[in-house]
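# Remarks on the overall topology
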Amino acid sequence: YSVVAGIVAKTFKSTLSDCENSGELVIDMHMRQANGSAGVIGGVVGYAYTTAFKNCINKGACTWTTRPKNQYLGGVCGLYQNVTTVPVKLQNYGDIKVDAGLIAESVGRQSQIICLGGVFGKLESNGLDIRDKEAFYNEGDIEFKGGSNTSSNTNDKDFTKYIGGVCGWVLN
């Protein structure tokens, strides 16, 4: 999969604290990746696995024109898996925009999952209680457009969209 971020593309068993991204991220990937893999983008971190977050801020807009099979886009982190520590004070002020365009021939019969969130695109919390209202904040706008399917193939599938002000999809 492709991973893009304002500060760190991918972390594994790490700690990120007191970091800020103010740069705008603009990704334009019109062709779906040949192997059907995912695309991940985060204002601060793209993909995080077993990573502790504290005081991370994104102020830059994230704009993605794309057609990968699955997309995870978050103002702070696109895809956060195997959470072992509740994140502290993660903030997003940048706008999150995805233009998925025409999916017809480039995707074929594969369905797509799109997770957009002001702080996290997708968060796999491992049962941790992440409801602390002080932990996450989003002020940026979230916009999704696209998903039109004009293919003559009636078996083509459209997008499954998970869009949230703070998190697009929380898997517990």
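Notes on the structure follow. (Residues numbered from 1 in each chain as written. Predicted model: local features only at pLDDT ≥ 70, side-chain atom pairs only at ≥ 80, totals over all residues. Heavy atoms only, no water.)

A separate point is the pairing of strand β10 (residues 77–81). The buried fraction of β10 amounts to 5 of the 5 residues, a majority that puts the element mostly inside the structure. Two strands pair when backbone bridges link them, and strand β6 (residues 45–49) and β10 are joined in this way by 4 bridges, in the parallel orientation. The partner of Y47 across the bridge, within β10, is L79. Of the pairings in the sheet, the one linking β10 to strand β14 (residues 120–124) comprises 3 bridges and is parallel in character. Paired with Y80 across the two strands is L123, which belongs to β14. (Buried < 20%, exposed > 50% of the residue type's maximum accessible area, 1.4 Å probe, protein only. Helix = DSSP H or I, 4+ residues; strand = E, 2+ residues; numbered from the N terminus. Pairing = 2+ DSSP bridges.)

For K13, which is not glycine, the phi dihedral falls at a positive 50°. Mapped onto the secondary structure, K13 falls in the loop between β2 (8–12) and β3 (15–21). The backbone of K89 shows a phi angle near 50°, a positive value even though the residue is not glycine. Inspection of the secondary structure assignment puts K89 in strand β11 (residues 88–92).

Enumeration over the complete set of coordinates arrives at 6 aromatic pairs. An angle of 80° between the planes, with centres 5.4 Å apart, marks the rings of F120 and F136 as edge-to-face. Within this pair, whereas F120 is found in strand β14, its partner F136 is found in strand β15 (residues 136–138), the two being separated by 16 residues in sequence. Residue classification places F120 among the buried positions, given a relative accessible area of 1%. On the accessibility criterion, F136 (13% relative accessible area) is buried. Put simply, the rings of F53, Y80, F120 and F136 pair up and form one aromatic cluster. Residue placement shows K122 over the ring face of W169; its charged tip is 4.2 Å from the ring centre. (Phe/Tyr/Trp six-rings, centres within 6.5 Å; stacked < 30°, edge-to-face > 60°. Lys NZ or Arg CZ within 6 Å of the ring centre and 35° of its normal.)

Let's shift gears to the environment of E20. Residue placement: E20 occurs in strand β3. Residue classification places E20 among the partly exposed residues on the basis of a relative accessible area of 42%. As for E20 and N55, which are separated by 35 residues in sequence, their C-alpha atoms are 8.5 Å apart. Ignoring anything within four residues of it in the chain, the contact list for E20 reads I7, I57 and K59. A polar side-chain atom of E20 sits 3.4 Å from a polar atom in the side chain of S22. For E20, the side chain forms a polar contact with the side chain of K59, separated by 3.5 Å. (Contact = heavy atoms within 4.5 Å. Polar contact = N/O pair within 3.5 Å; in protein donor to acceptor, adjacent residues only side chain to side chain.)

From the geometry alone we can't say anything about function, so treat these as descriptive.
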